[in-house]
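# Geometric and topological summary
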2 protein chains.
Amino acid sequence: MIKFDRDALEDFKTFLTEGNFSKIFFLVDEITHEKCLIPLLGELESLPETEVLEVNPGEESKSPEVLVQLWKVMAELGADRHSLLVNVGGGMITDLGGFLAGTYMRGIAFVNFPTTVLAQVDASVGGKTGINLDHVKNLIGLFIHAEKVYILNNFLETLSPGERLSGFAEMLKHGLIADTDYWNKLSVYDIKNKIPSQDMIRRSIEIKSQVTEADFKESGYRKILNFGHTLGHAIETTALDEGKPLLHGEAVAIGMIGELLLSVEFAGLDEQKAKQAIEVLRSVYKDAVFRYTLLEQDFTKQLEVARQDKKNRNSEIRFTLLRNIGEAVTDIVVPEEKVLEILKYLNKV
Amino acid sequence: MIKFDRDALEDFKTFLTEGNFSKIFFLVDEITHEKCLIPLLGELESLPETEVLEVNPGEESKSPEVLVQLWKVMAELGADRHSLLVNVGGGMITDLGGFLAGTYMRGIAFVNFPTTVLAQVDASVGGKTGINLDHVKNLIGLFIHAEKVYILNNFLETLSPGERLSGFAEMLKHGLIADTDYWNKLSVYDIKNKIPSQDMIRRSIEIKSQVTEADFKESGYRKILNFGHTLGHAIETTALDEGKPLLHGEAVAIGMIGELLLSVEFAGLDEQKAKQAIEVLRSVYKDAVFRYTLLEQDFTKQLEVARQDKKNRNSEIRFTLLRNIGEAVTDIVVPEEKVLEILKYLNKV
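Residues numbered from 1 in each chain as written. Chains lettered and ligands numbered in written order. Predicted model: local features only at pLDDT ≥ 70, side-chain atom pairs only at ≥ 80, totals over all residues. Heavy atoms only, no water.

### Overview of the nonpolar core
Soluble globular proteins: nonpolar side chains tend toward being buried together. Counting 199 residues, the largest nonpolar core has Trp71 and Tyr285 of chain A together with Trp71 and Tyr285 of chain B as its most contacted members. In contact with Trp71 of chain B, other than residues within four places in its own chain, are Pro64, Leu67, Phe99, Ile131, Leu133 and Ile140 of chain A together with Leu100, Thr103 and Tyr104 of chain B. (Core = buried A, V, L, I, M, F, W, Y, C linked by side-chain atoms within 4.5 Å. Buried < 20%, exposed > 50% of the residue type's maximum accessible area, 1.4 Å probe, protein only. Contact = heavy atoms within 4.5 Å.)

### Things to note about the relation of the copies chain A and chain B
Each copy of the sequence occupies a distinct position, and chain A is placed on chain B by a rotation of 180° and an axial shift of 0.1 Å, giving an RMSD of 0.0 Å. The superposition operator between the copies reduces to a two-fold rotation axis. Residue by residue, 100% of the interface of chain A is reproduced at the interface of chain B, so both copies engage with the same surface. (Least-squares fit on C-alpha atoms with pLDDT ≥ 70 in both.)

### Details of the packing of aromatic side chains
Going through the model one piece at a time under the given rule, you end up with 12 aromatic pairs over all chains. Here Phe12 of chain A and Phe113 of chain A contribute two aromatic rings whose centre-to-centre distance is 5.0 Å and whose plane-to-plane angle is 80°, an arrangement assigned as edge-to-face. Residue Phe12 of chain A is located in helix 1 (residues 5-19), and its partner Phe113 of chain A is located in strand 5 (residues 109-114); the two are separated by 101 residues in the primary sequence. Assigned by exposure class, Phe12 of chain A and Phe113 of chain A land together as buried. One aromatic cluster in this structure is built from Phe12, Phe113 and Tyr150 of chain A. Sitting over the ring of Phe143 of chain B, Arg106 of chain A keeps its end group 5.7 Å from the ring centre. (Phe/Tyr/Trp six-rings, centres within 6.5 Å; stacked < 30°, edge-to-face > 60°. Helix = DSSP H or I, 4+ residues; strand = E, 2+ residues; numbered from the N terminus. Lys NZ or Arg CZ within 6 Å of the ring centre and 35° of its normal.)

### Some details on the sheet that holds strand 3 (residues 50-55) of chain B
Residue and element names in this part refer to chain B. The six strands lie next to each other as 1-8-5-4-2-3, forming an open sheet whose pairing is parallel. Both outer strands of the open sheet, strand 1 (2-4) and strand 3, are each paired with one neighbouring strand and no more. The average angle at which neighbouring strand axes cross in this sheet is 20°, direction not considered. By the bridge criterion, six bridges tie strand 2 (residues 24-29) to strand 3 in an arrangement that is parallel. In the strand pairing of strand 3, Asp29 is matched with Val55. (Pairing = 2+ DSSP bridges. Axes fitted to C-alpha atoms, helices over the stretch in contact; angles between N-to-C directions.)

### Comments concerning the sheet that holds strand 1 (residues 2-4) of chain A
Residues and elements named next belong to chain A. With parallel pairing, the six strands of this open sheet are ordered in space as 1-8-5-4-2-3. Each edge of the open sheet is held by one strand with a lone partner, namely strand 1 and strand 3 (50-55). Neighbour to neighbour, the strand axes of the sheet diverge by 20° on average, direction disregarded. Here six bridges tie strand 4 (residues 84-89) to strand 5, and the two strands are oriented parallel to one another. Its bridge partner lying in strand 5, Val86 is registered against Val111. Here helix 3 (residues 64-76) sits on the sheet and contacts strand 2 (24-29) and strand 3; the angle it forms with strand 3, its principal contact strand, is near 165°. Seen against the sheet, helix 4 (residues 91-103) touches strand 2, strand 3, strand 4 and strand 5 and runs at an angle of roughly 165° to strand 4.

### Some thoughts on helix 9 (residues 229-241) of chain A
Residue and element names in this part refer to chain A. The end-to-end C-alpha separation of helix 9 is 18 Å, in line with the 18 Å expected for 13 residues at 1.5 Å each. Listed as buried for helix 9 are His229, Thr230, Leu231, Gly232, Ala234, Ile235, Glu236, Thr238 and Ala239. Phi turns positive, to about 75°, at Gly243, one or two residues after helix 9. (Expected span 1.5 Å × (residues − 1).)

Structure (structure tokens):
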């Protein structure tokens, strides 16, 4: 159940009182500890016994080593099956914390306070949790839902412009795959100077929830959420390997540009509409697109990453593409040479 | 879905053919590899690509270290979400393998071939999977069901008499908590010289399935399965700590003797009936009962283990006891001094 702002705080207070939890554990990183948890605790009058588990910020904390460490610390601090885990942070924290709670004593209750745009619209819905293994993202994990997701718009003020833009890419994706009107609204929004409005966050969550509820285990329809991600993931991985990492949303934005081009050839998207959408993406993500062109890309390796994507079978490369703005189609096989051509094109100035 | 003997083999062949799996992984220990997997593979004509994952026998393999190692090996061997994990072994293998499959890529399909009495009647039903953490048994895990459970009576011939007796304790428990007729049959069975019959295994599975289906998440009714386990677990832990480990079922048998005594005082069990049942247990587990009396027990520590049992709240010690042979009651709070008295009594010759 998702609650916003004042409703969220009220609901959380009631939940804590009625839940009769033996102990409350907060999972945070160094940054969200200071910027989000401290203000949040200030809003709560009285709490049962609490403990704060702090990990380093960044994707590196989504590792088996940190996970095992957290299992041990929770046991040492006396967590039992009536304890509650409260995740306060971005997608790293909600992914790691969801998996931690889902596996401790075969599952204890947990709630999420996502603190980034990306986590608010994406990571907190759909039940995906997990950790990375040897640089393969989310290779280990669970499908499991938080008891509650609490969205506080204020938390978005704590983000850097880069993080804000990165999360906005997922919101743009939601418009592109499912809602033309929403896309039109987003495409003229001054995201460079403003945080996304609560209404926009709500609409994105609505779209994602509808898709994932219709298809909890990713067997079919849910794949429309992969738009931009097959190329985006390959771009993100290779940029990281070259020591010039892109934020997830930046890579997805570039991936969407490529997949809009593929959509014209392989899904019948109108060329003019594709061009307009690409213009929006190029303008919002100007800086990331430019930084990406400076990288020396190993295209064979990128192709390999796209092929190994866990959504593929038998080494075919399958895409989610757009038939129209606001309408996606899944499982489109694109020949390797075409994928390579697009990857090369995206790397050009 | 559970299948037996010839039906099991037929069903497994069909499942492999129709499942269209990208790769089959077998999880075994050194012993079940030789004694069970090799003969099993001999029964199967053609297989897709397979890999064998072998771990050391014994509870030590149910560790975070082995788990992380297996995650990595599976990734290296190209396991994808269309792979199948086949667990062939005792409860250690089915617990570890179920958790491994349930968390790899957020869950891949798995089937169990339990090879011990204990695993056939207990570990393969009810969806409990997991690993130990710093000597706390099953602290980390998941509730998740195998796609199939295949029970081959033949596999029980590979067990030592000790392992056979250990598993039989759980079967006796099933009779005591839920079925007087079944208890009467078991109490005269020549288990010292014969493996349990397929019919008995079936009846035990039936009882356990009915209980766990009625209560998938252990909120209530399922607790009747804990009979003998609160004391048994404390006994098992302290015996292990003293370097004279008892098998799980041996400890549970001794625990049942103690909890039958508690049942007379705290659950209204007829004293005569309790004595008869205790006589059966003392006779079948004569050797284990004797070995246990030789141990120097630290009763305060045993009490601590019983108190920390994950089924307890607020440090009370709660028991599942018998109102009658074949009828259990849950959540009976027993005063600490009484628990201590019973623990001391069990340790006497």
